[in-house]
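Fold and geometry: a report
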Amino acid sequence: MTTDADRRDAAVERLGLMDTDPEERYDRITRLAKDVFDVDHAVVNIVDSTTIFTKSQPAGGTFRHTPQEDSFCAVTVQQDDLLEVDDATRDDRFSDRAIVTEYGIRFYAGLPLKTEDGDTVATLCLLDPEPRTLSDEDREAFTRMGAWAEAEIRLDDQRTTPGASAPVLDAVDGDDVSVSTLAIPYGAVSGDRGAWRQTGSSVRVALTDVMGKGEAQGALAQRIVGALLESSGDHEDEGALEAVLRVEEELEAQHALDVTFATLFHAAIDTTTGRVEYVDAGHGLTLHVAADGSLTRLASHNLPLGLRPPGVPWEPGELTVSSGDLLITVSDGVLDAYDSTLESLRMLADDLRAARETRAFLDHLTVKVSEHVVDDDVTAVVVEVH
């Protein structure tokens, strides 16, 4: 007779994530969760019948493999929703487990992550050495992060290899800035879109990545980018935050994000002052490459579009660019042409600087994608400041 444990083991084996290297598409979730909830640890664990394998943890994390009997997750995978333990030393289920007695963990919150077939194969967890209780708002935000992590798990479970479509390169030179884009869809239709538009002295740049693949995701990505870059009528002088708020409201009213969500980066650049206002919604893959060679990643503190809990404000960012600077934003498929982690951004910047010309860099990136196993859409937008 097939047991739940047998089904889970078969699903975990099919998933192929046990004992694999870190990947940024999971790491950005745990990095954001650690930051938002101010805990010592946030992890994505892969769970079979004998072990807990930590697939993702922010820098400095020490978890790798944990026996079932020493963990919280062995209980989490047995239920359908959030497991919250305010103080594990006062909970008879966990007080004698090594995670508490040896690692000193007292607070735990974990969500089971399921495949489309309903098999629980992973968990998203928060852990901290201090007792605490999540508020209702915290639980809602954490549940939305769990939906994000689960969507990534389901993508891994459904991956096929149709092969990349032909790359599409576009470049326009302006007096103040030049913008170049690269798009290599994974299959016939991409769920990524990157684009830009100039209106007077304002240049707007947008890149969005809709969860999932296919025509519906591609159409929604195009819709989001088109709406963000709308420059007619009342939208002509919008800042980046105003545009994101407007688009979010429109999509919610039309229920366009009821069954999916989208990471995005949207920036408005004033070419007369060099001021850049931007909103990053769970994207986190944008670099400011200064003329002197220094790098700054434009970090994200927002959940993706469609996952933001009501009442939680957007946190916009701001920087100033000058002559010789570059802004580059990419989809996470680009990272697969390097090492799939956030370190890929540094390697990407090295290649960009070595190429000296953006077109040569994008040609180089196209070759790298063809030489690696990249089973995701690849999109890049590069802005050069003159």
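Scroll up for the structure.
So, here's what we can say about the structure. (Residues numbered from 1 in each chain as written. Predicted model: local features only at pLDDT ≥ 70, side-chain atom pairs only at ≥ 80, totals over all residues. Heavy atoms only, no water.)

1. A word on the overall build of the chain
Spelled out, the test is: Helix and strand assignments follow DSSP, with helices taken as H or I runs no shorter than four residues and strands as E runs no shorter than two, numbered in order from the N terminus. For the radius of gyration, the atom set is restricted to C-alpha positions; the globular benchmark scales as 2.2 Å times the number of residues to the power 0.38. In what follows, a contact means two residues having at least one pair of non-hydrogen atoms within 4.5 Å. Residue exposure ignores everything except the shown protein chains as possible cover, and the areas themselves are Shrake-Rupley values with a 1.4 Å probe. When charges are tallied, Lys and Arg are placed among the positive residues and Asp and Glu among the negative ones, while His and the ends of the chain are skipped. Where a charge sits is defined by one atom per residue type, namely NZ (Lys), CZ (Arg), CG (Asp) or CD (Glu).
Scanning the chain from N- to C-terminus turns up ten helices and 17 strands. Computed over its C-alpha atoms, the radius of gyration of the chain comes to 21 Å, within 12% of the 21 Å expected for a compact globule of 386 residues. The principal-axis extents of the C-alpha atoms in the chain amount to approximately 70 × 45 × 40 Å. Across the chain, the fraction of contacts at a sequence separation of at least 24, relative to all contacts at a separation of at least 6, is 66%. Summed over all atoms, the accessible surface of the chain reaches about 16500 Å², with 46% contributed by carbon and sulfur. Averaging the coordinates of the 33 positive side-chain charges in the chain and doing the same for the 75 negative ones gives two points 2 Å apart.

2. Side note on unusual backbone geometry
For the record, the criterion: The buried label goes to any residue with under 20% of its type's maximum accessible area, the exposed label to any with over 50%, and the partly exposed label to all in between, with areas taken from a 1.4 Å probe on protein chains only.
Backbone geometry places His255, a non-glycine residue, at a positive phi of 60°. Positive phi, close to 75°, is recorded for Ser340, a residue that is not glycine. Assignment of secondary structure puts Ser340 in the loop between helix 8 (332-335) and helix 9 (343-355). By relative accessible area, which is 17% here, Ser340 ends up buried.

3. A closer look at helix 6 (residues 215-228)
The line we're drawing: Multiplying 1.5 Å by the residue count of a helix minus one yields the expected span of that helix.
Between its first and last C-alpha, helix 6 extends 20 Å over 14 residues, near the 20 Å set by a 1.5 Å rise per residue. Residues of helix 6 that are buried: Gln217, Gly218, Leu220, Ala221, Ile224, Val225, Ala227 and Leu228. The secondary structure elements touched by the buried residues of helix 6 are strand 9 (192-199), strand 10 (202-210), helix 7 (240-253) and strand 11 (262-270).

4. Structural notes on the sheet that holds strand 14 (residues 295-297)
So the rule is basically this: If DSSP finds at least two bridges between two strands, the strands pair. Here, axes are lines fitted to C-alpha atoms. For helices the fit covers the stretch in contact, and angles between N-to-C directions go from 0 to 180 degrees.
Strand order in the open sheet formed by six strands is 7-8-17-16-13-14, and the pairing between neighbours is antiparallel. Bordering the open sheet on either side are strand 7 (168-173) and strand 14, each of which pairs with just one other strand. The sheet shows a mean angle of 15° between the axes of neighbouring strands, taken without regard to direction. For strand 13 (residues 286-289) and strand 14, the ladder comprises three bridges, and the chain directions are antiparallel. When the bridges of strand 14 are listed, Leu287 appears paired with Arg297. This element, helix 10 (residues 358-371), spans strand 7, strand 8 (177-184), strand 16 (326-330) and strand 17 (378-385) of the sheet and lies at about 15° to strand 8.

5. What to know about the packing of helix 9 against helix 10
Inclusion rule: We call two directions roughly parallel when the angle between them is under 35 degrees, roughly antiparallel when it is over 145, roughly perpendicular when it lies between 65 and 115, and oblique otherwise. Left-handed describes a crossing whose near helix is turned anticlockwise from the far helix by less than a right angle; the clockwise case is right-handed.
Relative to each other, helix 9 and helix 10 sit at 135°, their axes nearing to 8 Å. Of the possible angle classes, the one that applies to helix 9 and helix 10 is oblique. You can see that helix 9 and helix 10 cross each other, and the crossing is right-handed. Taken together, the residues of helix 10 that come into contact with helix 9 (itself represented by Leu348, Asp351, Leu352 and Ala355) are Ala360, Phe361, His364, Leu365 and Lys368.

6. Re the packing of aromatic side chains
As a reminder, the rule being used: Aromatic pairing here means that ring centres of Phe, Tyr or Trp (its six-membered ring) are within 6.5 Å. Orientation follows from the plane angle: under 30 degrees is stacked, over 60 is edge-to-face, and everything else is tilted. We call a charge positioned above a ring when the Lys NZ or Arg CZ atom is no farther than 6 Å from the ring centre and deviates by at most 35 degrees from the ring normal.
This model, assessed by the stated rule, comprises six aromatic pairs. Between Phe37 and Phe142, the ring centres sit 5.7 Å apart and the planes meet at 80°, which makes this aromatic pair edge-to-face. Separated by 105 residues along the polypeptide, Phe37 in helix 2 (residues 24-37) and Phe142 in helix 5 (residues 136-158) bring together distant segments of the chain. For Phe37, a relative accessible area of 2% translates into the label buried. Look at Phe72 and Tyr108: their rings are 4.4 Å apart centre to centre, the planes differ by 10°, and that puts the pair in the stacked class. Here Phe72, found in the loop between strand 3 (65-67) and helix 3 (73-76), pairs with Tyr108, found in strand 5 (residues 107-114); they are 36 residues apart in sequence, far enough to count as distant. This pair shows no difference in class: Phe72 is buried, exactly as Tyr108 is. Here a set of aromatic residues connected by ring pairs shows up, and it is made of Phe72, Phe94 and Tyr108. A cation sits over an aromatic face here: Arg132 above Phe107, 5.3 Å from the ring centre.

7. Structural notes on the nonpolar core
Cut-off, in case you're wondering: The term nonpolar core refers to a set of buried residues drawn from Ala, Val, Leu, Ile, Met, Phe, Trp, Tyr and Cys, joined through side-chain atoms within 4.5 Å.
Counting residues in each nonpolar core, the largest one holds 35 residues, and the members touching the most others are Phe37, Leu124, Leu126, Trp148 and Ile153. For this core, the secondary-structure elements that each account for two or more residues are helix 1 (4-15), helix 2, strand 1 (41-47), strand 5, strand 6 (120-128) and helix 5. When residues of this core are assigned to their parent elements, the largest contribution, eight residues, is made by helix 5. Dropping the residues within four chain positions of it, Trp148 is found in contact with Arg28, Ile29, Leu32, Met211, Phe261, Thr263, Gly282, Leu303, Pro304 and Leu307. Counting 24 residues, the second largest nonpolar core, distinct from the first, contains Leu182, Leu287, Leu326 and Ala380.

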